[in-house]
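Spelled out, the chains give:
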Amino acid sequence: MTEPQLAVDPVATSNLSAKAPEFYPSGYNQNFNQNFTDSSFEDRCDGYLTLAEYVQDFLNHLTEQPGCFETEIEQFAETLNGWVIADEALQELVELIYQQATSVPNFSYMGARLCNYLSHHLTISPQSGNFRQLLLQRCRTEYENRDEATKGDETTRKEFHAFVLFLAELYLNLEIKGTKGQVTRAEILQEGLRELLNALFSNPVDSNLICAVKLLKLTGSVLEDAWKEKGKNDMEEMIQRIENVVLDANCSRDVKHMLLKLVELRSSNWGRVHGTTPHAEATPENDPNYFMNEPTFYTSDGVPFTAADPDYQEKYQELLEREDLFPYYEENGADLSGPGELYFDEIDDEMDPEIEEAYEKFCLESEHNRKQ
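Our subject in this report is the structure included herewith. (Residues numbered from 1 in each chain as written. Predicted model: local features only at pLDDT ≥ 70, side-chain atom pairs only at ≥ 80, totals over all residues. Heavy atoms only, no water.)

**Remarks on the environment of Phe166**
Here comes step 1: The topology assignment puts Phe166 in helix H8 (residues 154-173).
Here comes step 2: Accessibility expressed as a relative area gives 0% for Phe166, which makes it buried.
Here comes step 3: Taking the C-alpha atoms as reference points, Phe166 and Tyr98, separated by 68 residues in sequence, lie 8.8 Å from one another.
Here comes step 4: Those residues in contact with Phe166 that sit more than four places away from it in its chain are Tyr98, Ala101, Thr102, Ser108, Gly111, Ala112, Cys115 and Cys139. (Helix = DSSP H or I, 4+ residues; strand = E, 2+ residues; numbered from the N terminus. Buried < 20%, exposed > 50% of the residue type's maximum accessible area, 1.4 Å probe, protein only. Contact = heavy atoms within 4.5 Å.)

This is the structure we're talking about:
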């Protein structure tokens, strides 16, 4: 006698894909060249027909996995030194990096770091100028159109604002070595940022003012320190312009609130504590800012503790072991993750500029409603 057959529910199938366009943020390119994940770096330059293909692939790779910068930038520079041997190739390299830094959201910081590294490690130095000189010439082209750009349509202003923030990152990250070996910032960028701020405040529409706020939040403390060293009061003049805009301009209430918050930030020395010790000499005993960037955790009883707590290291380790926050990593740093799994340094947690702007507006509205 045959045993009765049990009915088996059909397996549900789906056409959904984790690689669907809806799962990628705006500005993200799904078609990154797989050479940077499926083969060793030494093999990645094989098969490229042009310099542009190789450079663009690496830029896309950094956009997707910014944590790879430290481990792969040296090999990238060495490959370029064997490839970029003519003026035209160097010009093309500068343009590719500039376009990536001003058109891909959140790549301005990485682009500035890349420019700084290449400015010190590319060996080609033709009569037309070395890498840094050509980069600054390219930036000057956009800089000279600042007045027209701030008065342009929405698309033109958006492109200009991306350039402004990239120039700010360049000012912070591009290191210039002096004749005596000292490292300084590019003074020409300092002057350029001041004129860009003047152009933005001279055409006080909301998007221009928001860009100015972002620029000053990013570079305000460094700019003011540099101006003070020269005995200039440029920041005082800039703050006065902001106050005039708040009083006279027809910008939105939220933007005016952002400007006032910026003035408040500057009045608190840009959030810095007075009397700090230089980084090389800083200790928990002599620098009140020593622990300011360390995270705050909470025990199981809800008691907060930070790096300033004498038992911080012990409690922190206990927390990691209990929560199992790093299941794929051993204490010695060996990677135990399987193929295709994300590394922590590959996760880019920066917000898209549009999302960040919307979030700031939401916070301002919430604060306003709470006070009413």
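Continuing now.
**Digging into the packing of aromatic side chains**
Here comes step 1: What the rule picks out here adds up to six aromatic pairs.
Here comes step 2: Ring geometry for Tyr54 and Trp83: centres 5.7 Å apart, planes at 25°, overall stacked. Taken together, the residues Tyr54 in helix H2 (residues 51-64) and Trp83 in helix H3 (residues 69-83) connect sequence positions 29 residues apart.
Here comes step 3: Overall, the relative accessible area of 27% leaves Trp83 in the partly exposed class.
Here comes step 4: For the ring pair Tyr98 and Phe166, a centre distance of 6.1 Å and an interplane angle of 75° mean the geometry is edge-to-face. Taken together, the residues span a long stretch of sequence, with Tyr98 in helix H4 (residues 87-103) and Phe166 in helix H8 at a distance of 68 residues.
Here comes step 5: For Tyr98, a relative accessible area of 3% corresponds to the buried category.
Here comes step 6: Across from the ring centre of Tyr98, 4.1 Å away, lies the NZ or CZ of Arg138, which sits over that ring. (Phe/Tyr/Trp six-rings, centres within 6.5 Å; stacked < 30°, edge-to-face > 60°. Lys NZ or Arg CZ within 6 Å of the ring centre and 35° of its normal.)

**Thoughts on the side chain of Thr219**
Here comes step 1: The topology assignment puts Thr219 in helix H10 (residues 206-229).
Here comes step 2: Every residue in contact with Thr219, bar those within four places of it in the chain, is listed here: Ala168 and Leu172.

**Here's the deal with helix H6 (residues 131-143)**
Here comes step 1: The first and last C-alpha atoms of H6 sit 18 Å apart over 13 residues, in line with the 18 Å expected at 1.5 Å per residue.
Here comes step 2: What H6 keeps buried is the set Phe131, Leu134, Leu135, Arg138, Cys139 and Tyr143.
Here comes step 3: Its buried side turned inward, H6 meets H4, helix H5 (108-121), helix H7 (146-150), H8 and helix H9 (187-202).
Here comes step 4: One side-chain oxygen of the residue at the start of H6 lies 3.2 Å from the amide nitrogen of Arg132, identifying that residue as Asn130. (Expected span 1.5 Å × (residues − 1). Polar contact = N/O pair within 3.5 Å; in protein donor to acceptor, adjacent residues only side chain to side chain.)

**Section: the pattern of salt bridges**
Here comes step 1: If you walk through the whole model with that rule in mind, you get 15 salt bridges.
Here comes step 2: Two residues, Arg140 and Glu144, come together in a salt bridge whose shortest N-O distance is 3.0 Å.
Here comes step 3: Overall, the relative accessible area of 45% leaves Arg140 in the partly exposed class.
Here comes step 4: We classify Glu144 as partly exposed; its relative accessible area is 47%.
Here comes step 5: Within the structure, one salt-bridge network assembled from shared partners comprises Glu187, Glu191, Arg194, Glu195, Lys230, Lys232 and Asp234. (Salt bridge = Lys/Arg side-chain N within 4 Å of Asp/Glu carboxyl O.)

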